[in-house]
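Working through the structure, step by step
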Amino acid sequence: MKVLLVNGGPHQDGCTNLALKEVAKTLQKNEIETEIIWLGVKPISGCIGCNTCLKNDNKCFMEDEVNKFIEKVKDADGFVFGSPVHFAGASGQITSFLDRVFYGRGNLFAGKAYASVVSCRRGGASAAFDQLNKYALMSNMYVIGSSYWNQIHGNNKEEAMKDLEGLQTMRNLGENIAYFLKCVNFARQNGIKRAEYEETIRTNFIR
Ligand SMILES: Cc1cc2nc3c(=O)[nH]c(=O)nc-3n(C[C@H](O)[C@H](O)[C@H](O)COP(=O)(O)O)c2cc1C
């Protein structure tokens, strides 16, 4: 079993990474493979709605972190998306990335585990957390929680390391993801079928 953890912050070794590493350590303790992916600081374009990817085996015409990530999705059982809070929302980097990763790709993610984590100095964590969870909640994914909303506080890694409750929240999140994945694995091995979904009915709000 494998979980991909994505750091959508500008600091490779900052607060978001610290939170993700705490989740990853707990997953590894539970014998779950992990990979932390940093999106870097090169700008990632948002989705331009051209729909090319829908006709092109999910590949975006822009060659960047998005296509590299999509290649890995099929072999992963769960995902943790991490972002610093920027103006009470998720970072522009991860917003652009996730818009393109999830556009029209519910089928790739359905039935898998999803969690988000956010880091902030002081405020806006729950708004950013809500924003990140929205991708999963319309993709037939299972959103995993913890003993508090998945957030850590600090302006830099050293400060965040002092947020003992934040770090504990990340470890508990790791435990919950691990338990969920073990249950899914057990279900699969014992013939319990995945949820079956109806063909999507799309009703646009037009008269
Ligand atoms: C552009 C920008 C906007 C920010 N906006 C907020 C904010 O709205 N609320 C807050 O508490 N911290 C804000 N911060 C601080 C970061 O969220 C905080 O330092 C975070 O933990 C850094 O994580 P990182 O080391 O992974 O980048 C902002 C930082 C930047 C660079």
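Structure first, text after, so check above.
Now for a quick tour of the structure. (Residues numbered from 1 in each chain as written. Predicted model: local features only at pLDDT ≥ 70, side-chain atom pairs only at ≥ 80, totals over all residues.)

1. A closer look at the environment of Cys60
Take Cys60: it is sitting in the loop between helix H2 (52–55) and helix H3 (65–73). Put simply, Cys60 and Cys47 are 13 residues apart on the chain and 9.2 Å apart in space, counted from C-alpha to C-alpha. When near neighbours in sequence (up to four residues on either side) are disregarded, Cys60 contacts Cys53, Val66, Asn67 and Arg100. (Helix = DSSP H or I, 4+ residues; strand = E, 2+ residues; numbered from the N terminus. Contact = placed C-beta atoms within 7 Å.)

2. Regarding the site of the ligand
Residues in contact with the ligand amount to 19 residues; listed here are only the nearest, Gly9, Gly14, Thr16, Pro84 and Cys120. Among the elements of the structure, helix H1 (15–29) and strand E4 (113–120) are those that each provide at least two residues to the shell around the ligand. (Near = placed C-beta within 6 Å.)

3. What to know about helix H8 (residues 164–189)
Since the α-helix turns once every 3.6 residues, residues separated by three or four places project in the same direction. The terminal C-alpha atoms of H8 lie 38 Å apart, and with 26 residues this matches the ideal 38 Å at 1.5 Å per residue to within 8%. Residues Gly166, Thr169, Met170, Leu173, Gly174, Ile177, Ala178 and Leu181 constitute the buried set of H8. Where H8 is buried, its residues contact strand E1 (2–7), H1, strand E3 (78–84), E4, strand E6 (151–153) and helix H7 (157–160). Looking at the residues trailing H8, positive phi occurs at Gly191, about 75°. (Expected span 1.5 Å × (residues − 1). Buried ≥ 20, exposed ≤ 12 C-beta atoms within 10 Å, placed from the backbone.)

4. Comments concerning the packing of H1 against H8
Two elements in contact, H1 and H8, have axes whose closest approach is 8 Å; the angle formed by their N-to-C orientations is 40°. In terms of orientation, H1 and H8 fall into the oblique class. Crossing handedness for the pair H1 and H8: right-handed. On the side of H1, the interface is formed by Ala19, Glu22, Val23, Thr26 and Leu27, while H8 contributes Gly166, Leu167, Met170, Arg171, Leu173, Gly174, Glu175, Ile177 and Ala178. A per-class count over the contact of H1 with H8 returns 8 nonpolar, 3 polar and 3 charged. (Axes fitted to C-alpha atoms, helices over the stretch in contact; angles between N-to-C directions. Parallel < 35°, antiparallel > 145°, perpendicular 65-115°, else oblique. Left-handed = near helix turned anticlockwise from the far one by under 90°. Nonpolar A, V, L, I, M, F, W, Y, C, P; charged D, E, K, R; others polar.)

5. A word on the packing of H3 against helix H4 (residues 92–102)
H4 packs onto H3 with a crossing angle of 50° between their chain directions and a minimal axis gap of 10 Å. Comparing the axis directions of H3 and H4 gives the class oblique. For the crossing formed where H3 meets H4, the hand is right-handed. Counted together, Glu65, Val66, Phe69 and Ile70 of H3 and Phe97, Arg100 and Val101 of H4 form the full contact between these two elements. The residue makeup of the contact of H3 with H4, split by class, is 5 nonpolar, no polar and 2 charged.

6. Side note on the nonpolar core
In terms of nonpolar packing, the biggest core is built from 45 residues, with Val3, Ala19, Val23, Val80, Ala115, Val117 and Ile177 touching the most fellow members. Those elements that provide at least two residues to this core are E1, H1, E3, H4, E4, helix H6 (125–136) and H8. No other element matches H1, which puts 7 residues into this core. In this structure, Ile177 is in contact with Val3, Leu27, Gly78, Ala113, Ala115 and Ile144, ignoring residues within four places of it in sequence. (Core = buried A, V, L, I, M, F, W, Y, C linked by C-beta atoms within 7 Å.)

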